[in-house]
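Commentary on secondary and tertiary structure
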Amino acid sequence: MKALVHITLKPGVLDPQGKAIENALSHFGFEGVRDVRQGKYIELDLPDGDHADAEAAVKEMCERLLANTVIENYRVEIVDQT
Amino acid sequence: MKAAVIVFPGSNCDRDLKVALSQSMGSEPAMVWHGDTALPDVDLIAVPGGFSYGDYLRSGSMAAHSPIMKEVSRFASRGVAVLGICNGFQVLTETGLLPGVLMRNRNLRFVCRDVFLRVEVDDTVFSSAYTAGQTIRVPVAHHDGNYFIDPDGHAQLEDEQRVAFRYCDETGAITDAANPNGSLSNIAGILDPTRRILGMMPHPERLSDPALGGNDGRALFDSLISALS
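These lines cover the structure that appears in this document, whether it is placed above or below. What you see is a predicted model; the values in this text were computed from it and never measured. (Residues numbered from 1 in each chain as written. Chains lettered and ligands numbered in written order. Predicted model: local features only at pLDDT ≥ 70, side-chain atom pairs only at ≥ 80, totals over all residues. Heavy atoms only, no water.)

1. Focus: the side chain of serine 61 of chain B
Mapping serine 61 of chain B onto the fold places it in the loop between β3 (44–47) and α2 (67–77). At 2.9 Å, the side chain of serine 61 of chain B forms a polar contact with the backbone oxygen of arginine 58 of chain B. Serine 61 of chain B has contacts with Leu65 of chain A together with Tyr56 and Glu94 of chain B, leaving out every residue within four places of it along the chain. (Helix = DSSP H or I, 4+ residues; strand = E, 2+ residues; numbered from the N terminus. Polar contact = N/O pair within 3.5 Å; in protein donor to acceptor, adjacent residues only side chain to side chain. Contact = heavy atoms within 4.5 Å.)

This is the structure:
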């Protein structure tokens, strides 16, 4: 199974990269984009097992290494591989 | 004074720091590899600039978990002075020895030039050879130097006078135009609550000898020698 980890900046934290993407989209002529927030996506390959246990373990990984919780939120999703 | 400089894979200011420290100390600091698990008996630990672990994941995040950092934290808890410069500052925030975080520069560019700093406090082991309010010229060279902390944390830093340096213009005025990276309140360096740990983005070691084009950085190393010898 896999753990899909999405790391995003907390609301209110300035995201200059997101802002640059937003400006670039506007220059490309894409309209209607009100805001862009850029984040990270990390995929972990895990041995098959209990989803709740895996989620708890990956959350611990986020707290200790994958995210900086001063400025970042994280979301963990456990999925079976197809 | 006895000092150690920590060397990570990707550090590139470790030897500059060694030269600057040697010049003030009159002896050489120990160079300690990140994979080591023990530090010699020292009064100062210096964490240098560079791109430890290629800045993978987040600047300083990998280095913060390297074996030697446990020992650095242990020494710091005993009151041993710790100085983190540039990437070293990022490493100290990632280890939790200093609060806040260094984010990508506001203009998204790597900024490499001399800046002016206002010395905010002169009652620390790092700054006694300066005078509070003094303006000094020191180089910066970083991509992630945009200091951020939540409002409560910021209030605490200000209340406890733990902002060590702020970006200013040549006259000492704290202006947005003089802020090279978007740091909150022009913060260039901060102290921990014990005032024995300093993290700063600018590089005092790069202007610590007139032959380098200036020596405004030297007083920081001289302060350490007079406080810790």
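2. Observations regarding the packing of aromatic side chains
Residue and element names in this part refer to chain B. A complete count under the given rule lists three aromatic pairs over all chains for this structure. Look at tyrosine 130 and phenylalanine 165: their rings are 6.4 Å apart centre to centre, the planes differ by 90 degrees, and that puts the pair in the edge-to-face class. With a gap of 35 residues between them, tyrosine 130 in the loop between β6 (111–119) and β7 (135–142) and phenylalanine 165 in strand β9 (residues 163–168) connect regions that are remote in the sequence. Its relative accessible area of 1% is what places phenylalanine 165 among the buried residues. (Phe/Tyr/Trp six-rings, centres within 6.5 Å; stacked < 30°, edge-to-face > 60°. Buried < 20%, exposed > 50% of the residue type's maximum accessible area, 1.4 Å probe, protein only.)

3. Quick notes on the sheet that holds strand β1 (residues 2–9) of chain A
Residue and element names in this part refer to chain A. Taken in spatial order, the three strands of this open sheet run β2-β1-β3, and their pairing is antiparallel. In this open sheet, the two strands that pair with only one neighbour each are β2 (39–45) and β3 (72–79). Across the sheet, the mean angle from the axis of one strand to that of its neighbour is 15 degrees, orientation sign disregarded. Relative to β3, β1 runs antiparallel, the two sharing eight bridges. Within β3, the position partnered with threonine 8 by the bridge is asparagine 73. The strands touched by helix α2 (residues 51–66) within the sheet are β1, β2 and β3, with β3 carrying the most contacts at an inclination of about 155 degrees. (Pairing = 2+ DSSP bridges. Axes fitted to C-alpha atoms, helices over the stretch in contact; angles between N-to-C directions.)

4. Focus on the environment of valine 5 of chain B
Among the structural elements, valine 5 of chain B can be located in strand β1 (residues 3–7). Look past the residues within four positions of valine 5 of chain B in its chain and what remains in contact with it is Asp14, Leu17, Leu21, Pro29, Ala30, Met31, Val32, Ala46 and Pro48 of chain B.

5. Describing the pattern of salt bridges
By the definition in use, this model includes 19 salt bridges over all chains. Linking glutamate 60 of chain A and arginine 64 of chain A is a salt bridge whose minimum nitrogen-to-oxygen distance equals 3.9 Å. Of this pair, glutamate 60 of chain A and arginine 64 of chain A both sit in helix α2, four residues apart, which is roughly one turn of the helix. Salt-bridge contacts for aspartate 114 of chain B lead to arginine 137 of chain B; the nearest nitrogen and oxygen are separated by 2.4 Å. Placement of aspartate 114 of chain B in strand β6 and of arginine 137 of chain B in strand β7 is noted, with a sequence separation of 23 residues between them. Classification of aspartate 114 of chain B by relative accessible area gives partly exposed; the value is 36%. A relative accessible area of 27% means that arginine 137 of chain B is categorised as partly exposed. (Salt bridge = Lys/Arg side-chain N within 4 Å of Asp/Glu carboxyl O.)

6. Quick notes on the sheet that holds β3 of chain B
All names here are of chain B. As summarised here, the arrangement of the nine strands in space is β2-β1-β3-β4-β11-β10-β9-β6-β7, forming an open sheet in which the pairing is mixed. Bordering the open sheet on either side are β2 (30–33) and β7, each of which pairs with just one other strand. Adjacent strand axes in the sheet meet at a mean angle of 25 degrees when their direction is disregarded. Packed on one face of the sheet, helix α1 (residues 14–25) meets β1, β2, β3 and β4 (81–85) and runs near 175 degrees to β1.

7. Here's the deal with the nonpolar core
In terms of nonpolar packing, the biggest core is built from 67 residues, with Leu21, Phe165 and Leu224 of chain B touching the most fellow members. At six residues, helix α5 (residues 218–228) of chain B tops the list of elements feeding residues into this core. Ignoring sequence-local partners within four residues, the contact set of phenylalanine 165 of chain B consists of Leu117, Arg118, Val119, Glu120, Ile136, Asn186, Ile187, Ala188, Gly189, Leu198, Met200 and Leu220 of chain B. Among the nonpolar cores identified, the runner-up in size contains 14 residues, and Ala3, Val5, Ile42 and Ala54 of chain A belong to it. (Core = buried A, V, L, I, M, F, W, Y, C linked by side-chain atoms within 4.5 Å.)

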